[in-house]
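# Structure assessment
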Amino acid sequence: MTLRLLPWVISAAIVVGLAFFTTSPEKVMPVSASQLAERKGVSALEIRLVPVDLREFRDDGACNRLVASEAVYSYAERTIWGTEVTISIEAEGGFRKIGESDLRATRAFWDFDRKRIELPDGGQADSANGWKVDMSPAVFDLEGQILSAAGKTSLNGPGLVVVGDNLRWDWAAGKIFLVSPVSQILPSSLPVKMG
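Residues numbered from 1 in each chain as written. Predicted model: local features only at pLDDT ≥ 70, side-chain atom pairs only at ≥ 80, totals over all residues. Heavy atoms only, no water.

## Structural notes on the overall build of the protein
Put simply, the rule is: Helix and strand definitions follow DSSP, with helices as H or I runs of at least four residues and strands as E runs of at least two, each counted in order from the N terminus. Here's how the labels work: a residue is buried when its accessible area is under 20% of the maximum for its type, exposed when over 50%, partly exposed in between, all with a 1.4 Å probe on protein chains only. We call two residues in contact whenever any of their non-hydrogen atoms come within 4.5 Å of each other. Exposure was quantified through the Shrake-Rupley algorithm and a 1.4 Å probe, taking into account, for residues, occlusion by the shown protein chains and nothing else.
The number of helices and strands found in the protein is two helices and twelve strands. Along the protein, from the amino end to the carboxyl end, the secondary structure elements read α-α-β-β-β-β-β-β-β-β-β-β-β-β. Residue burial in the protein is summarised as follows: out of 195 residues, 29% are buried. Put simply, of all contacts in the protein between residues at least 6 apart along the chain, 37% involve residues at least 24 apart. Within the structure as shown, the protein displays about 12700 Å² of accessible surface, and the carbon and sulfur contribution to it stands at 59%.

The structure is reproduced here in structure tokens:
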């Protein structure tokens, strides 16, 4: 054998050796879902927080705040699941009309990229100008400033109680829509004329 063919013979021997010692696809061990999640690395990263006080600073300079007894933050999806949650929304920018407001719920899901908060078990909302809402499962669109709940809703405002279905509260426009509303004006809110 000539010296010039030696590198080719060594390369061929390595290829044959690798083929001989490589495991066939039928003999590969299955990978569990948890092992796959570990291999994903940062994309599967979840941060568990007990308790949590989280603030999101908005473009208009204000911040939204989430306080929960416990929460799970998904790094890749930019979402947070929380239990026993209070979400405070500052009254800056487009939210000045409603004043500072709080949403309270037993569970909440906040999607930072889609700018929405879901309350799968319903919840309560209070605005600084005196409105209180008790609602069924709801979604709050932070960008559009619209709170919507498909089921039964009860609203209490200054001198007024309204119960109805399918709430759509457009906070930026200052309008509340309900299907089949039943309202009650509280006598204490009516002006009294003394004779």
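And the narrative resumes.
## Topic: the packing of aromatic side chains
Put simply, the test is: Side-chain rings of Phe, Tyr and Trp (the six-membered ring for Trp) are treated as a pair once their centres are within 6.5 Å; stacked means planes under 30 degrees apart, edge-to-face means over 60, and tilted covers the remaining angles.
Applying the stated criterion to the full structure yields three aromatic pairs. Here Tyr73 and Phe112 contribute two aromatic rings whose centre-to-centre distance is 6.3 Å and whose plane-to-plane angle is 65 degrees, an arrangement assigned as edge-to-face. Of this pair, Tyr73 sits in strand 3 (residues 63–74) while Phe112 sits in the loop between strand 5 (101–111) and strand 6 (116–119); the two residues are 39 residues apart in sequence, bridging distant segments of the chain. Of the residues examined, Phe112 reaches a relative accessible area of 9% and is grouped as buried. Ring pairing ties together the aromatic residues Tyr73, Trp110 and Phe112, which thus form one cluster.

## Comments concerning the confidence of the model for the protein
Formally: Residue-level confidence of the predictor, termed pLDDT, takes values from 0 up to 100.
Residue-level pLDDT values for the protein average 75, and 68% of them are 70 or greater. Note that residues 25–29 has pLDDT below 50 and, in this model, zero contacts with residues that lie over four places away or in other chains.

## Quick look at the pairing of strand 9 (residues 138–141)
Side-chain positions along a regular strand alternate between the two faces of the sheet. Where we set the bar: Any two strands with at least two DSSP-identified bridges between them are counted as paired.
What you see with strand 9 is a clean split: Ala138 and Phe140 sit on the buried side and Val139 and Asp141 on the side with no burial. Where strand 6 meets strand 9, four bridges bridge the pair, whose relative direction is antiparallel. Residue pairing across strands places Leu119 opposite Ala138, the latter belonging to strand 9. As paired strands, strand 9 and strand 10 (residues 146–157) are joined by four bridges and run antiparallel to one another. When the sheet's bridge partners are listed, Asp141 is paired in strand 10 with Ile146.

## Considerations on the pattern of salt bridges
Using the following cut-off: Within this document, salt bridges are pairs made up of a side-chain nitrogen of Lys or Arg and a carboxyl oxygen of Asp or Glu, the two lying within 4 Å of each other.
Counted under the stated rule, the structure contains eleven salt bridges. Measuring nitrogen to oxygen at the nearest pair gives 2.6 Å for the salt bridge that ties Asp126 to Arg104. Of this pair, Asp126 sits in strand 7 (residues 123–127) while Arg104 sits in strand 5, and the two are 22 residues apart along the sequence. Assessed through its relative accessible area of 28%, Arg104 is described here as partly exposed.

## Let's talk about the pairing of strand 4 (residues 79–89)
The pairing of strand 3 with strand 4 spans ten bridges and is antiparallel. Each residue of the ladder has a partner; that of Val67, found in strand 4, is Thr86. Between strand 3 and strand 4, which pair antiparallel in sequence order, lie four residues; one of them, Arg78, sits at a positive phi of approximately 55 degrees. Both strand 4 and strand 5 contribute to a ladder of ten bridges, which runs antiparallel. From the neighbouring strand, Val85 faces strand 5, where its bridge partner is Ala105.

## Looking at the nonpolar core
Put simply, the rule reads: Take the buried residues of types Ala, Val, Leu, Ile, Met, Phe, Trp, Tyr and Cys, join any two whose side-chain atoms come within 4.5 Å, and each joined set is a nonpolar core.
Among the nonpolar cores identified, the biggest contains 30 residues, and Leu66, Ile87, Trp110, Met135, Phe140, Leu147 and Leu167 are the most heavily contacted of them. For this core, the elements supplying multiple residues, two or more each, are strand 3, strand 4, strand 5, strand 6, strand 8 (132–135), strand 9, strand 10 and strand 11 (160–170).

## Here's the deal with the environment of Arg55
With respect to the element layout, Arg55 can be found in strand 2 (residues 52–57). Sequence-wise, Arg55 and Arg65 are ten residues apart; in three dimensions their C-alpha atoms are separated by 4.4 Å.

## Details of the side chain of Thr79
Along the chain, Thr79 falls in strand 4. Once residues lying within four places of it in the same chain are set aside, the contact partners of Thr79 are Val72, Tyr73, Ser74, Phe109, Trp110, Asp111 and Phe112.

## Topic: the environment of Gly159
With respect to the helices, strands and loops of the structure, Gly159 is situated in the loop between strand 10 and strand 11. Placed 29 residues apart in sequence, Gly159 and Gly130 show a C-alpha to C-alpha distance of 9.8 Å.

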